[in-house]
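Below are the chains, spelled out letter by letter.
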Amino acid sequence: MRRAVVESIGHYLPNRIVENSEFEATLETNDSWIRSRTGIERRHFAAENETTSDMGIKAAQAALANANCTVDDVDAIILATSTADLTFPSAATMVQNGLGMRHGFAFDVQAVCAGFLYALTTANSMIASGQANRILVIGAETFSKLMDWTDRGTCVLFGDGAGAMLISAQHDESSDRGILATALRSDGRYKDILYVDGGISLQTTGYLRMQGKEVFRHAVEKLSAIALETLEKAGLTTEDVDWIVPHQANKRILEGLSKRLRIPMDKVVMTVNNHGNTSAASIPLAMAVGVQNKLIKTGDVVVTGAIGGGLAWGTAVIRW
Ligand code: UT7
């Protein structure tokens with residue numbers, strides 16, 4: 001059986017770090033509210049001329065370097081984003097060009113905060129079916145460009161960044177490493193609780209709009225249910241889990257998940273404090289930090305899950 005195994009992970013965060021206190025000058029908010037209600041302390045914002053594909057290229061280069069690979073070894077790029085540089089071509093083809101890759105194929109996936117799970121599931125299927133042997137799966141976002149800076153309920157929550165994972169086909173029957181199970185869901189009835197009020201049909205970029213409390217409620221409920229379902233599909237239980245790497249939207253969501261899954265907080269990788277919510281980049285960024293800090297190690301069982309606009313959500317169980 002062919003299985004997709006994680007070879008490496010890399011990330012990139014823009015230079016500009018914005019502390020919570022910076023918002024105090026222009027908004028009726030403060031560090032204490034943001035910290036206590038979300039766990040966020042700071043976030044990175046891309047420079048004016050820095051795009052999603054620029055960040056995707058840097059994260060991909062880091063993943064390739066960590067695996068001692070070059071683009072010649074890669075068959076495809078799948079990039080999850082809701083903030084592509086342009087309406088088209090895809091940010092993935094821009095990353096392909098930026099990496100100097102002249103073969104294979106590249107495309108974007110758009111499932112907002114769940115985008116990385118949708119991209120990873122697609123890449124996993126392509127590897128399992130033999131369409132590709134090695135794929136770069138990237139999550140990259142510049143959500144700072146979708147913020148209404150007068151809306152304190154949203155603009156303090158998001159950040160920019162990119163993460164990239166290199167996965168490849170494994171044939172070794174004696175190894176149990178790899179992506180063990182995935183699950184995806186969406187429910188368009190909830191399209192109005194998290195959306196951008198612009199787009200092609202309106203000929204504007206628009207701003208992110210969110211009913212935070214509603215999204216929060218769905219997040220804990222749906223992510224815990226799908227995580228249990230995916231673990232069962234993988235033939236595992238919560239007892240087998242070494243790390244949960246949830247979408248980094250709010251520390252209280254991570255705590256809610258930990259409680260519902262009965263997996264202690266010291267097994268939850270948390271980066272929301274330093275990154276804010278980076279949408280599709282959040283999971284690969286958190287995984288990269290988890291590996292860098294020597295938390296996630298080869299052979300560990302990692303459960304990852306994300307939910308966002310759509311609503312769209314998904315999970316993956318990976319033996320690292
Ligand atoms: O990535 C996709 C997934 N996204 C999420 O998962 C986000 C989920 N939602 C959340 O994380 C939380 O709901 C928020 C952090 C967005 C909001 O926290 P909350 O505890 O649900 O607060 P709330 O929206 O109910 O607002 C409580 C109060 C309100 O004031 P009143 O009406 O009680 O007077 C808000 O106006 O807090 C106020 N508020 C703020 N105060 C200071 C909202 N934002 C701020 C702020 N600073 N930045």
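Residues numbered from 1 in each chain as written. Predicted model: local features only at pLDDT ≥ 70, side-chain atom pairs only at ≥ 80, totals over all residues. Heavy atoms only, no water.

Colleague: Can you help me understand the sheet that holds strand β7 (residues 160–170) in this one?
Modeller: Strand pairs in the sheet, formed through backbone hydrogen bonds, run parallel or antiparallel to each other. Spatial strand order, β1-β7-β6-β4-β5: five strands in an open sheet with mixed pairing. The sheet is open, and its two edges are formed by β1 (3–12) and β5 (105–109), each paired on a single side. Averaged over all pairs of adjacent strands, the angle between their axes in this sheet comes to 20°, without regard to strand direction. Here helix α4 (residues 115–128) sits on the sheet in contact with β1, β4 (76–80), β5, β6 (134–142) and β7, set at roughly 170° to β6. Running over the sheet, helix α8 (residues 282–292) touches β1, β6 and β7 and is turned about 90° from β1. (Pairing = 2+ DSSP bridges. Helix = DSSP H or I, 4+ residues; strand = E, 2+ residues; numbered from the N terminus. Axes fitted to C-alpha atoms, helices over the stretch in contact; angles between N-to-C directions. Contact = heavy atoms within 4.5 Å.)

Colleague: What is the right way to look at the domain arrangement of the protein in this model?
Modeller: When the parts of a complex come together, some accessible area is lost, and that lost area is often used as the size of the interface. Considered domain by domain, the protein is made up of domain 1 (3–170) and domain 2 (178–319). Measuring from the centre of the C-alpha atoms in domain 1 to the corresponding centre in domain 2 gives 15 Å. Counting from both sides, the interface comprises 52 residues of domain 1 and, opposite them, 50 residues of domain 2. Roughly 3,900 Å² is buried in total at the junction of domain 1 and domain 2, and carbon and sulfur atoms are behind 67% of that figure. For the domain 1 face of the interface with domain 2, the top three residues by lost area are Cys 113, Leu 117 and Leu 146, together amounting to 16%. Summed over the shared surface of domain 1 and domain 2, the result is one salt bridge. Notably, a salt bridge pairs Arg 209 with Asp 148, separated by 2.9 Å at the nearest N-O pair. Counting the contacts that link domain 1 with domain 2 gives 15 residue pairs in polar contact (both at pLDDT 80 or more). Looking at the side of domain 1 that touches domain 2 element by element, the count peaks at eight residues for β1. A breakdown of the residues in the side of domain 1 that touches domain 2 according to their chemical character gives 26 nonpolar, 16 polar and 10 charged. (Domains from an automatic or database assignment. Buried area = accessible area lost by both parts, 1.4 Å probe. Salt bridge = Lys/Arg side-chain N within 4 Å of Asp/Glu carboxyl O. Polar contact = N/O pair within 3.5 Å; in protein donor to acceptor, adjacent residues only side chain to side chain. Nonpolar A, V, L, I, M, F, W, Y, C, P; charged D, E, K, R; others polar.)

Colleague: Can you walk me through the layout of surface pockets in this structure?
Modeller: Leftover empty space is mapped by rolling, across the atoms, a probe with the size of a water molecule. Volume-wise, the largest pocket comes out at about 850 Å³. What lines the largest pocket is a set of 30 residues, among which Ser 82, Thr 83, Ala 84, Leu 146 and Thr 205 lie closest to the centre. Residue contributions to the lining of the largest pocket peak at three residues, all from strand β9 (residues 194–196). Taken together, the residues of the lining of the largest pocket sort by class into 12 nonpolar, 15 polar and three charged. A domain split of the lining of the largest pocket shows at least three residues from each of domain 1 (3–170) and domain 2 (178–319). If you add up the space inside the second largest pocket, you get close to 620 Å³. Lining the second largest pocket are 28 residues, with Leu 157, Met 210, Gly 212, Asn 250 and Arg 252 sitting closest to its centre. (1 Å grid on protein atoms, 1.4 Å probe; cavity = no way out; pocket = protein on both sides within 12 Å on 5 of 7 lines; lining within 4 Å. Points joined across faces, edges and corners; volume = space filled by probe spheres on them.)

Colleague: Please clarify how the site of the ligand should be interpreted in this entry.
Modeller: The full set close to the ligand counts 23 residues, and Thr 29, Cys 113, Lys 213, Asn 250 and Asn 277 are the nearest of them. A distance of 3.4 Å separates an oxygen atom of the ligand from a polar side-chain atom of Trp 33. Arg 252 is positioned such that a nitrogen or oxygen atom in its side chain is 3.1 Å from an oxygen atom of the ligand. At a threshold of 2 Å from the grid points, most atoms of the ligand map onto the second largest pocket. (Near = heavy atom within 4 Å. Sits in = over half its atoms within 2 Å of the grid points.)

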